[in-house]
Amino acid sequence: MKVVIQRVRYARCRIDGEIYSAIDQGFMILVGIREGDSKDEVEKIAKKVNGLRIFEDDQGKMNLDLKTIGGSIMSISQFTLYADCAKGNRPSFIKAMKPEHANELYMYFNKLLQDYGHEVKTGVFGADMKIEMINDGPVTIIIDSEEL
């Protein structure tokens, strides 16, 4: 499992031109699930996201977590995080988990974040979504379960 976390001032998910979900300050998380991932990887990543301190304190140091600043999460499923571009110019997505199983783990990830007490907004799994956001900092963190 791999997540890309961006510290944002706001994020909005549009589907068919309409705002489907939106958050103010918080995390915009792109969630990629690969073949072989299980609830174990999801739990490790959710725990890491919950404790991540990437918001600035009054001294300007990244020392505050999401709960402390009262932020929310926008979680968007993103199978393209497992694009393989090693051969040719057209990416292969063979490493990404099949949609029916990936969606189960994606929903489990979001539930875990909610269980930690976070407000979690999502898009629609598999939909054509347009994401609008302002990356604050910019701060972008990549967490890969293979590295935990």
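This text gives an overview of the structure that appears in the document. Computed from a predicted structure; not experimentally measured. (Residues numbered from 1 in each chain as written. Predicted model: local features only at pLDDT ≥ 70, side-chain atom pairs only at ≥ 80, totals over all residues. Heavy atoms only, no water.)

Attention now moves to the overall build of the protein. Counting its secondary structure elements, the protein contains three helices and eight strands. Ordering the α and β elements of the protein from the N terminus gives β-β-β-α-β-β-α-β-α-β-β. Computed over the C-alpha atoms, the radius of gyration of the protein is 15 Å, within 12% of the 15 Å expected from 2.2 N^0.38 for a compact globule of 148 residues. For the protein, the spread of C-alpha atoms along the principal axes amounts to about 45 × 40 × 30 Å. Looking at the protein as a whole, 41% of its 148 residues are labelled buried. Considering only contacts within the protein whose residues lie at least 6 apart along the sequence, 73% involve residues at least 24 apart. (Helix = DSSP H or I, 4+ residues; strand = E, 2+ residues; numbered from the N terminus. Rg over C-alpha atoms; globule rule 2.2 N^0.38 Å. Buried < 20%, exposed > 50% of the residue type's maximum accessible area, 1.4 Å probe, protein only. Contact = heavy atoms within 4.5 Å.)

Time to look at the pattern of salt bridges. Here the structure, examined in full by the defined rule, presents nine salt bridges. The residue Arg 7 makes a salt bridge to Asp 136 at a minimum N-O spacing of 3.6 Å. Note that Arg 7 is positioned in strand β1 (residues 2-15) and Asp 136 in strand β8 (residues 129-144), a separation of 129 residues in sequence. For the pair Arg 7 and Asp 136, one class covers both residues: buried. Taking the shortest distance from any N to any O, the salt bridge between Lys 111 and Asp 115 comes out at 2.8 Å. (Salt bridge = Lys/Arg side-chain N within 4 Å of Asp/Glu carboxyl O.)

Mapping Glu 146 onto the fold places it in the segment after β8. Its relative accessible area of 58% is what places Glu 146 among the exposed residues. Taking the C-alpha atoms as reference points, Glu 146 and Asn 103, separated by 43 residues in sequence, lie 20 Å from one another. One polar contact links Glu 146 to Arg 34, side chain to side chain, over a distance of 3.2 Å. (Polar contact = N/O pair within 3.5 Å; in protein donor to acceptor, adjacent residues only side chain to side chain.)

This part takes up the nonpolar core. The biggest cluster of nonpolar side chains holds 27 residues, and the ones touching the most others in it are Val 3, Ile 5, Phe 27, Ile 29, Val 49 and Phe 109. Mapped onto this core, the elements with two or more residues apiece are β1, β3 (26-32), α1 (39-51), β4 (53-56), α3 (99-115) and β8. Looking at this core, the element that brings in the most residues is α3, giving seven residues. When near neighbours in sequence (up to four residues on either side) are disregarded, Ile 29 contacts Val 3, Val 4, Ile 5, Val 49, Ile 73, Met 74, Ser 75, Ile 76, Phe 109 and Leu 113. (Core = buried A, V, L, I, M, F, W, Y, C linked by side-chain atoms within 4.5 Å.)

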